[in-house]
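A closer look at the structure
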Amino acid sequence: MKQFKLRQLAWCISLVGLSGTAFGQAVNDAALAAEAGDNWIHTNGNYAAHRFSTLDKINAGNAGKLKVAWVATVGGKTDAQATPSVHNGVIYFPQDNKVFAIDGKSGKLLWKYEHKLPDDWGGYNVPFFTGKHRGVALYGDNVYFLSNDVKLHAIDMKTGKAKFVKDYAADGFQYPKDFAKSKDSNGYCITVGPMAVPGAIIVPLNAADTGGLPGYVLGADPASGNIKWKANMIPAKGEPGGDTWPEEAKAFGGAGVWIIGSYDPETKQYFTGTSNAYEWNPKNRGGGKMDNVGAASIVAMNAETGKVNWRWTGVPGDPWDFDLPQTPILIKMNGKTTIVQPNKTGYAHYLDAATGRFLRADKFIDKLDWIKGYGEDGRPQGMIALPKEGGDPVTISPGLLGGVNMYPSAYNPGTGLMYLASAESAMKYGYEEIKVISNVRHFGAYQEFIFGNEINRAMDVKSGKEAWRSDEGKPGYAGGMLTTAGGLTIWTTQGGTFKVADAKSGKLLFSQDLGVAAKAGPATYTVGGKQMIVQALGGTPGFGRDEAHKAEFGHMLVAYTVE
Amino acid sequence: MNFKAVLSSALMLGVFLLGAHANAQDVPEANPYSGDEAKIRSGKSDYRAICSLCHGGRADGAGERGTGASTPADLRKFNKGFRRYVDIVKNGVQKPGRDIKDMPAWGGVIDDETIYKIGAFLETLAIEGADWKEGKKN
């Protein structure tokens, strides 16, 4: 207990900035609440997840003069999915269960923190997830990192040493295990990053596709990692929506969390999109006729108590793996905080953030036939008939990779435009018998992708109309979008072409082929008086084999600036 | 470690090696289910349920979960022969520097019959260059 109090005292001291380091002052609550500018603290730029920076030294007038400032590598072994966080000129970047601190001016490594996965690590889909991370959180003097095996690491920003490593296995969140080493391979596997809000580190948990366990969001004590609250994505019996599942299906129903959400400091609500319902074949969870509220949903919870305020389900019964894994973006519209979420369905959904009330749905992709549209009640209308188990697959647009996948969108309050890392696609989708092996419930579904082009779009959030597009000519999704007060929108295509466009018109101002797949959004920051743009690249283009790009695996970070 | 523990470990290792050897010996040179329509249909279902998430519904490597460190194999072009196929499915494939086998070792959880049925189905998808018999030396 004494040790715990000392730890809390140290935490409080660091929070008020008395323990400022060579790496700069601590990240306090005011810094968390600030817009992205010289620092890029939150993975999504700010609480509202705008991925917008107030910096304008690089702008439409000089973007054509961008030069590579440095190139660095962290030796990544799988996709680089994290948007780097930056504080006082130091970049913090997670990859392969390691965290790297990199000098934002030179690209030189300052320190490396390494976590070893357990010897019996393994399981269903787990090779795909291993080593991927979507960000870190910065708070106090710490970098907060979630390793794949459900551990929260508080790492000293200055030294790179762990202050604590909180293992959530004892709280019921065990990691998935190798088939050969365990008769129960089912478990939670974390690829999403944490998010810092005043007084809590948000820890999203996902086991949707590693065998079937329900999704949660935790609020953790920044001083210890201990759980302060736990929010269930699937409603319990008696909660609104609790009767939209067969009760026994809730134990494996998915609805995990793939992404870092958004936060409204006025109402202290945290918002997240949730994953698919599980299994993908819906026969054990209502056959598509029960809504499965909480899966393929947007969920709002109080970030001080964990109380779920509302759940809105975008794909009731989720029969297509059309989860809503995207970050809900918060935008003031008509004086109200509005959630705008472009997602897999091919629609951008608008909700009242206070109540979860459906406002409208704007179609943003060209080809869409899985439904005829959304009704005023916010429910899909005229959905295509589901395939029969063991029968022929059905062809629908978009495919399960979606109009927008997890690759983050951005919003520029200056232009009123939202920028979408989107793609055209279709798939053949069929159901098969659900196998249960090593306590792992398999999908019971399969798909054959029909790839369309990567098309990065600007959409007017007021009208819902497309303002401009950049058709990249090959399949895939941009790694993510960034937009700035300099009137720029910035992204890197799946094939690895770094692009800078005029945020309002879409006119291309700068382009450079980097030759490595991008699966992360760029960030911008200031160091030594210069504005920098950093982009992480890494992986192989596309989902699965994608011959169109003719690119091999690669991995690097690139920073740009203007002289 | 005391003597008993060393002896026990050595015995376990011996049993393991004997088992592995016996297992390899047990694999027939050719797939006993090749051309068996009922087994192929069953293998297709197993493939879709277990393998397609990485290798894709068409077995061409275009599965959603195939990009761990590299793209998964295009099984329509599999040319390493039946016995090597069984070995890969049972023991998995690990790339240098990775913390996990990108192709999991399914040997402990999928029985031989299922592996053979899936192989029989995949043979029906073979395109030019595929070899499900003796296999190319690689």
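**Digging into helix H2 (residues 37–55) of chain B**
Helix length check: H2 of chain B (19 residues) gives 22 Å between terminal C-alpha atoms against 27 Å at 1.5 Å per residue, more than 12% under. Along its length, H2 of chain B reaches its greatest deviation from straightness, about 50°, at Ala 49 of chain B. Among all positions of H2 of chain B, only Ile 40, Gly 43, Ser 45, Asp 46, Tyr 47, Arg 48, Ala 49, Ile 50, Cys 51, Ser 52, Leu 53 and His 55 of chain B are buried. In this structure, the buried side of H2 of chain B is in contact with strand E28 (436–437) and strand E30 (445–460) of chain A together with helix H4 (112–123) of chain B. In this structure Asp 36 of chain B caps H2 of chain B, since a side-chain oxygen of it lies 3.1 Å from the backbone nitrogen of Ala 38 of chain B. Gly 56 of chain B sits one or two residues past H2 of chain B and shows a positive phi near 90°.

**Focus: the sheet that holds strand E12 (residues 200–205) of chain A**
Residue and element names in this part refer to chain A. The four strands are arranged E11-E12-E13-E14 in an open sheet whose pairing can be described as antiparallel. Single-partner strands in this sheet number two, and they are strand E11 (195–197) and strand E14 (227–232). Along the sheet, successive strands turn relative to each other by an average axial angle of 25°, direction set aside.

**Description of the confidence of the model for chain A**
Taken residue by residue, chain A gives an average pLDDT of 94. The fraction at 70 or more is 95%. Taken together, the stretch residues 17–22 of chain A has pLDDT below 50 and engages in nine contacts with residues farther than four places along the chain or on a different chain.

**Brief notes about the interface of chain A and chain B**
With 45 residues of chain A at the interface, the matching set in chain B holds 38 residues. Surface buried jointly by chain A and chain B totals about 3300 Å² across both partners, of which 54% is contributed by carbon and sulfur atoms. Where chain A meets chain B, there are five salt bridges. Residue Arg 48 of chain B pairs with Glu 432 of chain A through a salt bridge whose shortest N-O separation is 3.1 Å. Joining chain A to chain B, the criterion identifies eleven residue pairs in polar contact (both at pLDDT 80 or more). Those elements giving two or more residues to the side of chain A that touches chain B turn out to be helix H3 (126–129) and E30 of chain A.

**Focus on unusual backbone geometry**
All names here are of chain A. Here the bond from Tyr 278 into Glu 279 is cis, since omega is -5°, no more than 30 degrees from zero. Following the sequence through the fold, Glu 279 ends up in the loop between strand E16 (269–273) and strand E17 (297–302). Following Ser 397, the chain continues into Pro 398 via a peptide bond in cis, with omega recorded as -5°. Secondary-structure assignment places Pro 398 in the loop between strand E25 (394–396) and strand E26 (410–412). In the Ramachandran plot, Arg 51 falls in the positive-phi region, its phi being about 50° despite a non-glycine side chain. Considering the arrangement of structural elements, one finds Arg 51 in the loop between helix H2 (29–33) and strand E1 (52–53). For Arg 51, a relative accessible area of 3% puts it in the buried group.

**Looking at the environment of Gly 306 of chain A**
Residues and elements named next belong to chain A. You can see Gly 306 is positioned in the loop between E17 and strand E18 (308–313). Judged by relative accessible area, which is 7%, Gly 306 ranks as buried. Each C-alpha atom of the pair Gly 306 and Tyr 124 lies 30 Å from the other, and the pair is 182 residues apart in sequence. Filtering out sequence-adjacent residues up to four positions away, Gly 306 remains in contact with Trp 229, Lys 230, Ala 231 and Met 301.

**As for the pattern of salt bridges**
Going through the model one piece at a time under the given rule, you end up with 38 salt bridges over all chains. A salt bridge links Glu 448 of chain A to Arg 58 of chain B, with the shortest nitrogen-to-oxygen separation between them at 3.9 Å. Of the two residues, Glu 448 of chain A is situated in strand E30 and Arg 58 of chain B in the loop between H2 and helix H3 (82–91); the pairing between them involves two chains. When salt bridges that share partners are traced, they join Asp 366, Glu 424, Arg 457, Glu 466 and Arg 469 of chain A into one network.

**Quick look at the packing of aromatic side chains**
Aromatic ring pairs are defined here through the distance separating the ring centres and the angle between the ring planes. Residues and elements named next belong to chain A. Applying the stated criterion across every chain yields a total of 33 aromatic pairs over all chains. Ring geometry for Trp 280 against Phe 443: centres 3.8 Å apart, planes inclined by 10°, an arrangement best described as stacked. Of the two residues, Trp 280 is situated in the loop between E16 and E17 and Phe 443 in the loop between strand E29 (440–441) and E30; the sequence distance between them amounts to 163 residues. With a centroid separation of 5.8 Å and an interplanar angle of 80°, the aromatic rings of Tyr 429 and Tyr 431 are classed as edge-to-face. Taken together, the ring pairs connect Trp 312, Phe 322, Tyr 347, Phe 358, Trp 370 and Tyr 374 into an aromatic cluster. The ring of Phe 128 carries Lys 132 above its face, with NZ or CZ at 3.5 Å from the centroid. Above the ring of Tyr 350, the side-chain terminus of Arg 360 is found at 3.8 Å from the ring centroid.

**With respect to empty space enclosed by the protein**
Residue and element names in this part refer to chain A. Enumeration according to the criterion identifies five cavities of 30 Å³ or more in this entry. Approximately 140 Å³ is the volume found for the second largest cavity. Lining the second largest cavity are 14 residues, and of these Arg 51, Arg 134, Ile 259, Met 406 and Pro 408 sit closest to its centre. For the lining of the second largest cavity, the class distribution of residues is six nonpolar, five polar and three charged.

What counts and what doesn't
Residues numbered from 1 in each chain as written. Chains lettered and ligands numbered in written order. Predicted model: local features only at pLDDT ≥ 70, side-chain atom pairs only at ≥ 80, totals over all residues. Heavy atoms only, no water. Helix = DSSP H or I, 4+ residues; strand = E, 2+ residues; numbered from the N terminus. Expected span 1.5 Å × (residues − 1). Bend = angle between axes of the 7 residues up to and from the residue. Buried < 20%, exposed > 50% of the residue type's maximum accessible area, 1.4 Å probe, protein only. Contact = heavy atoms within 4.5 Å. Polar contact = N/O pair within 3.5 Å; in protein donor to acceptor, adjacent residues only side chain to side chain. Pairing = 2+ DSSP bridges. Axes fitted to C-alpha atoms, helices over the stretch in contact; angles between N-to-C directions. pLDDT = per-residue confidence, 0-100. Buried area = accessible area lost by both parts, 1.4 Å probe. Salt bridge = Lys/Arg side-chain N within 4 Å of Asp/Glu carboxyl O. Phe/Tyr/Trp six-rings, centres within 6.5 Å; stacked < 30°, edge-to-face > 60°. Lys NZ or Arg CZ within 6 Å of the ring centre and 35° of its normal. 1 Å grid on protein atoms, 1.4 Å probe; cavity = no way out; pocket = protein on both sides within 12 Å on 5 of 7 lines; lining within 4 Å. Points joined across faces, edges and corners; volume = space filled by probe spheres on them. Nonpolar A, V, L, I, M, F, W, Y, C, P; charged D, E, K, R; others polar.

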